[in-house]
Structures are given as C-alpha cells and as structure tokens.
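Single-letter residue listing:
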Amino acid sequence: MIKDFLRIADFSSEDINHLLNLSAELKADPESRGKPLDGDTVVLYFTKPSTRTRISFEAAVAHLGGLPAMVSPAELQLGRGETIEDTARVVSEYARAFVIRTASDEDVRRFSAAASIPVINALTDNHHPCQALADLLTLNERFGRIKGLRVTYVGDAHNNVTHSLMEACALLGASIVIASPPSLRPADEILDWARAEAARHGAEVVVTDDPRGAVRGAHAVYTDVWLSMGEPEALRAERIDQLTPYRVTPALLALAVPDAIFMHCLPAHRGEEVDAAVIDGPQSVAFQQAENRLPTEMAILYALVNGLLNGAREREPAPATQGV
Ligand code: CP
C-alpha cells in the first residue's frame, strides 16, 4: 500500500485508472462515498500562492466531511526553524492528511518520511501530480480514452506541469510530444522514465524545437506560463524573446486534428503563451481542467485514507528498440 501522493511515477497504471474512475463517480455524485473524513482535520500548508489547488482542496475536504485547516509558513513554528521532521510528527497526531505546496521536492519527501499520515504534493518545483490527474480526467471525458492519444506540450517544458503530464501520459499509453527551446526541455531523469514507461505501453515521448511539427496530428495541445512561480521576473523579457514562436495561436492549433482540444492548467497570460482567441475559444478545455481539480482531489483523499493505492510494482526494463 502506498501512503502518499507525491508524484505520478510512484503509481501503477491500475492505481491511476482507479483514481480516474473514482473521480468520475465523485464528479457525478459528490456524496457517493459518504463522509469518510467526518470529525477529521486535513492540514493544507502552502508556501506559494494558489487559487485552484487551495480552494478545490478545501472544498474536497469539506465534501468528504472533514475540516480543512489552511496554514502558511508565518503561522507555524516551521517558519521559525522547527524541523520538518518534528512538525510532521506533531501534525500526524492531530490531522488525517497533510497537503503541501512548496518549492523543494526534498522537503516534501522529508515530510512524507516523518509523517504517519498521507502527504499530498500540491505542487513542487518538479511535480504537480494533482494537476496531471485532473488533466487525465479531462482527456478521458473529451475522447473516451487516453491510450493512443497524442498530447503535445508547447513552450517552457522544464516545469512541474510538464513533468507530471509526461509521467501521466506515459503511464496510460498516450504519446507526448514536447516542443520547446533546448534550454527549456524537461529534466533528463523524468524524460528517461517517461520514455521507458511510454514504450511499455506502446506509446512514445518525442522532444523537438519545432512547434508546428509537434502540433501536427495532436489530439490535445497544452501550454503553461512562460515564467513559473519562483522564477525571477527579470527573466520575463528573455523568455518572451525565446518563446514567442511557441505561443499557441489559432494558426498553430489549426495544425492539430480537427477535434483537438486546447489545454492550460491556469493561471494564463493571454498574449504570451496563448492567444485569447484560443483559450477563450470553442476548443479550449482549460476551465473543464480547473473544474476537474475538485473531484480528482476528493478521489485522492478518499483513496489514501482508505489505503486503496498499491503503488508502482518494480518495472521491467523497456524492450530494446529494433534496429532498421
Ligand atoms: N493550476 C494550479 O495549480 O493553479 P493554482 O496555482 O491556482 O493552484
């Protein structure tokens, strides 16, 4: 049994499919699983701003019968030097789960190791697994399947959203194409994992610097802001120069398949990574993705507190590619 929800690659495709089925059930009927958090508190610890994740988790906890307790570093002794380990041990005595948004993946791993309650990653520098689960639910709602889809991510790909999207697509057999300048490609470790996992499921991971070639044949075109939270504002002008060819315009989206969807995790900067005509247009599912944060987070909480996720089994090495 797996205790925490820290990164998509920790799970098997069976686990992720289980979460997607549960999410669909809870979206149709938020009361279907009763109030498993009745009398319990879930702590939400955010060191960074959030609209969607914070409010959807508060709503998810309330729907499941629990009390969400939102805290920031300035409100905890953690902000004055108490250790992560001591904090995790103490919070485990009072709360049923701990949701954390912070920069460092290592801090979240330390929290998870010291806590006896489930720890949920609500965004770190390298991972945004809750967003990826909502993205998978959205793809499944739109296409009735995930396996065999071609998802293209365009723009700054060295970020948490791209990393988790790659892991999620690879695990469920969707191909993912990344179009970004070479300096903004995903982390090598995540690319290697996703390539091997995609190959196990008959899919592929492609990396290119050609946005037009990447979008041809795509079922979904995804982008995110050009400057992630925590990156210095001084980089913005350089990023705009570097990434303007990667803006999702109506002309770029028109290269995808005719019923392609446009995806964005939000918040968006219209006129930078995407034109208003695209994100506010008929192919956009950005607000459906945001809507899907709530049922997917209910599913994550429900599955973790009930011990329903088994985690990834040891994976076979990817089969060797046949030479031509
Ligand atoms: N997509 C997302 O995580 O939004 P917030 O930063 O508003 O939570």
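Cut-off values and rules
- Residues numbered from 1 in each chain as written.
- Predicted model: local features only at pLDDT ≥ 70, side-chain atom pairs only at ≥ 80, totals over all residues.
- Heavy atoms only, no water.
- Helix = DSSP H or I, 4+ residues; strand = E, 2+ residues; numbered from the N terminus.
- Rg over C-alpha atoms; globule rule 2.2 N^0.38 Å.
- Buried < 20%, exposed > 50% of the residue type's maximum accessible area, 1.4 Å probe, protein only.
- Contact = heavy atoms within 4.5 Å.
- Expected span 1.5 Å × (residues − 1).
- Phe/Tyr/Trp six-rings, centres within 6.5 Å; stacked < 30°, edge-to-face > 60°.
- Near = heavy atom within 4 Å.
- Polar contact = N/O pair within 3.5 Å; in protein donor to acceptor, adjacent residues only side chain to side chain.
- Areas by Shrake-Rupley, 256 points an atom, 1.4 Å probe, with all protein chains shown as cover.
- Nonpolar A, V, L, I, M, F, W, Y, C, P; charged D, E, K, R; others polar.
- Pairing = 2+ DSSP bridges.
- Right-handed = clockwise from strand over helix to strand, strands pointing away.
- Axes fitted to C-alpha atoms, helices over the stretch in contact; angles between N-to-C directions.
- Parallel < 35°, antiparallel > 145°, perpendicular 65-115°, else oblique.
- Left-handed = near helix turned anticlockwise from the far one by under 90°.

*Asks:* Quick question: what am I supposed to make of the overall build of the protein chain here?
*Replies:* Within the protein chain one finds 13 helices and nine strands. What you see for the protein chain is a C-alpha radius of gyration of 19 Å, in line with the 20 Å of a compact globule of 324 residues. When the backbone C-alpha atoms are referred to their principal axes, the protein chain occupies close to 55 × 45 × 40 Å. Within the protein chain, buried positions represent 54% of all 324 residues. Taking the contacts inside the protein chain whose residues are at least 6 apart along the sequence as the reference set, 77% of them involve residues at least 24 apart.

*Asks:* Please clarify how helix α1 (residues 13-28) should be interpreted in this entry.
*Replies:* An α-helical segment advances 3.6 residues per turn. Residues three or four places apart therefore align on the same side. Between its terminal C-alpha atoms α1 stretches 23 Å, which fits the 22 Å expected from 16 residues at 1.5 Å a residue. Taken together, the buried positions of α1 are occupied by Ser-13, Asp-15, Ile-16, Leu-19, Leu-20, Leu-22, Ser-23 and Leu-26. In this fold, the buried residues of α1 make contact with α5 (129-143), α6 (160-171) and α13 (293-305).

*Asks:* I keep staring at the packing of aromatic side chains and nothing clicks. Help me out?
*Replies:* Under the counting rule described, the total for this entry stands at four aromatic pairs. On the numbers, 6.1 Å between centres and 25 degrees between planes, the contact of Tyr-45 with Phe-98 is stacked. Of this pair, Tyr-45 sits in strand β1 (residues 41-46) while Phe-98 sits in strand β3 (residues 97-101), placing them 53 residues apart in sequence. Residue classification places Tyr-45 among the buried positions, given a relative accessible area of 7%. For Phe-98, a relative accessible area of 1% corresponds to the buried category. Look at Tyr-153 and Tyr-222: their rings are 5.9 Å apart centre to centre, the planes differ by 35 degrees, and that puts the pair in the tilted class. Of this pair, Tyr-153 sits in strand β5 (residues 150-154) while Tyr-222 sits in strand β8 (residues 220-223), and the two are 69 residues apart along the sequence. Of the two residues examined, Tyr-153 and Tyr-222, each falls in the buried class.

*Asks:* Sorry if this is basic, but what is going on with the site of the ligand here?
*Replies:* Residues in close proximity to the ligand include Ser-50, Thr-51, Arg-52, Thr-53, Arg-101, His-128, Gln-131, Cys-265, Leu-266 and Arg-293, which together make up its full environment. Here Arg-293 contributes a side-chain N or O atom positioned 3.3 Å from an oxygen atom of the ligand. For the ligand, the protein covers 94% of the area, taking 250 Å² as the surface of the free molecule. The residue makeup of the shell around the ligand, split by class, is two nonpolar, five polar and three charged.

*Asks:* Can you walk me through the pairing of β5 in this structure?
*Replies:* Walk down a regular strand and you will see the side chains alternate between the two sheet faces. Most of β5 sits inside the fold, with four of its five residues counted as buried. As judged from the five bridges shared by β5 and strand β6 (residues 175-179), these two strands associate in the parallel manner. Considered in β6, the bridge of Val-154 is made with Ala-179. You can see the chain leave β5, run along α6 and come back into β6, and the turn it takes is right-handed. Looking at chain direction, β5 and β8 are connected through three bridges and run parallel. Across the sheet, the residue bridging to Thr-152 is Val-221, located in β8.

*Asks:* What is the right way to look at the packing of helix α2 (residues 52-63) against α13 in this model?
*Replies:* Between two packed helices, both the angle of their axes relative to each other and the distance between the axes serve to describe the pair. At a closest axis distance of 8 Å, the pairing of α2 and α13 adopts a crossing angle of 55 degrees. Classified by the interaxial angle, the pair formed by α2 and α13 is oblique. Crossing of α2 against α13: the hand is right-handed. Along the contact surface, α2 presents Arg-52, Thr-53, Ser-56, Phe-57, Ala-59, Ala-60, Val-61 and His-63, while α13 presents Arg-293, Leu-294, Glu-297, Met-298 and Leu-301. For the contact of α2 with α13, the residue count by class is seven nonpolar, three polar and three charged.

*Asks:* Would you take a moment to explain unusual backbone geometry for this structure?
*Replies:* Trans is the prevailing form of peptide bonds, just as negative phi is the prevailing case for residues other than glycine. For the peptide bond that leads from Leu-266 to Pro-267, omega is 5 degrees, which places it in the cis range. When you line up the elements, Pro-267 lands in the loop between β9 (261-264) and α11 (276-279). Unlike most non-glycine residues, Leu-123 shows phi in positive territory, near 130 degrees. As for its position among the elements, Leu-123 is in the loop between β4 (119-121) and α5. On the accessibility criterion, Leu-123 (6% relative accessible area) is buried. The phi angle at Leu-266 is positive, at roughly 65 degrees, despite the residue not being glycine. Inspection of the secondary structure assignment puts Leu-266 in the loop between β9 and α11.

*Asks:* Honestly, the side chain of Lys-48 in this entry has me stumped. Any pointers?
*Replies:* Within the secondary structure, Lys-48 is located in the loop between β1 and α2. For Lys-48, the side chain forms a polar contact with the main-chain oxygen of Met-229, separated by 3.5 Å.

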